Amino acid sequence: MTPRVLVPELLDQLPANAPAAVRSRRDLRRVNWFMRNAALIAAAGRRHWPGAPPRRLVDLGAGDGALARALETRLARHWPAVTVTLVDRAALAVPPATGAWQVEAVRADATGWLAAAPPDSVDVLVTNLFLHHFADDELRVVLAGIARAARLFIACEPRRSGRALAGCRLLGLIGCNRVTRHDARASVRAGFAGRELSGLWPVAARWELRERPAGLFSHLFVARRRS
Ligand SMILES: C[S@@+](CC[C@H](N)C(=O)[O-])C[C@H]1O[C@@H](n2cnc3c(N)ncnc32)[C@H](O)[C@@H]1O
């Protein structure tokens, strides 16, 4: 397996309201549908959250909140009273809450937000297509912050595999723009394989860790604190 390669993603360099960025964020909904990421995260949440329904869910690198909405659609029946915090460093137009869950948006860098979060203040923390933005050294810091704040962590990332790279070629066929196509390839090269995230997780003894390929193109990591 080739090592992770990080190259800057175009979406991260465009102003949030640039037409190509707005379009690419819309494309991300199609990419997520293609990868089945909301379904994978929701299923992992149902399987691994212990006991009474969670009350506080955080989505780090949440983008425009579309993934959190998709989770609400799948989970609100089982988790009826959730307050969701969407954290993203970009200034994004997040639609107002309309469903069962309360939603708040915070514009912040994830690392700074985690450093300020009180210990054990989050029931479920999710990330989708986010961790691959970080080099391993930065990831250790981000994951340590998550382990301090959250009881259950679920991450869905691009899988660093030949099949996922081949899948990127299909994105033009479903209408994704140049930014999305470039960033998809970059994301796969920076994605994960094997037990790479488990290896970066702190204090593994106090956690149950699961890491595996999921769907056709995704890599799923779940960390659950032992009670
Ligand atoms: C590929 S997008 C994924 C968005 C969303 N999770 C989804 O699945 O649609 C990555 C997001 O991470 C955000 N991001 C990247 N680095 C960040 C950081 N250090 N702190 C907070 N947000 C960050 C970007 O602004 C972008 O919205």
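Note that the coordinates shown come from a computational prediction; the quantities given were computed from them, not determined experimentally.

Some thoughts on the pattern of salt bridges
Piece 1. A complete count under the given rule lists 11 salt bridges for this structure.
Piece 2. A salt bridge links R224 to E208; the nearest nitrogen and oxygen atoms lie 3.0 Å apart. Of this pair, R224 sits in strand β7 (residues 218–225) while E208 sits in strand β6 (residues 207–214), and the two are 16 residues apart along the sequence.
Piece 3. E208 gets classed as partly exposed once you look at its relative accessible area, which sits at 21%.
Piece 4. One continuous salt-bridge network, built from bridges that share partners, spans R23, D27 and R30.

Structural notes on the packing of aromatic side chains
Piece 1. Overall, the coordinates contain six aromatic pairs when judged by the stated rule.
Piece 2. Summarising the aromatic geometry, the rings of F34 and F217 are spaced 5.7 Å apart at their centres and angled 15° between planes, so their arrangement reads as stacked. Of the two residues, F34 sits in helix α2 (residues 19–35) while F217 sits in the loop between β6 and β7, which places them 183 residues apart along the sequence.
Piece 3. Since its relative accessible area comes to 24%, F34 is described here as partly exposed.
Piece 4. When the ring of F153 is compared with that of W201, the centres are 5.8 Å apart and the planes differ by 10°; the resulting orientation is stacked.

What to know about unusual backbone geometry
Piece 1. Even without being a glycine, D120 presents a positive backbone phi close to 60°.
Piece 2. Among the structural elements, D120 can be located in the loop between α5 (110–116) and β4 (122–128).
Piece 3. The phi dihedral of L129 falls on the positive side, at around 55°, and the residue is not glycine.
Piece 4. In this fold, L129 is placed in the loop between β4 and α6 (136–149).
Piece 5. Residue classification places L129 among the buried residues on the basis of a relative accessible area of 15%.

Conventions adopted
- Residues numbered from 1 in each chain as written.
- Predicted model: local features only at pLDDT ≥ 70, side-chain atom pairs only at ≥ 80, totals over all residues.
- Heavy atoms only, no water.
- Salt bridge = Lys/Arg side-chain N within 4 Å of Asp/Glu carboxyl O.
- Helix = DSSP H or I, 4+ residues; strand = E, 2+ residues; numbered from the N terminus.
- Buried < 20%, exposed > 50% of the residue type's maximum accessible area, 1.4 Å probe, protein only.
- Phe/Tyr/Trp six-rings, centres within 6.5 Å; stacked < 30°, edge-to-face > 60°.

None of this, on its own, says anything about what the molecule does.
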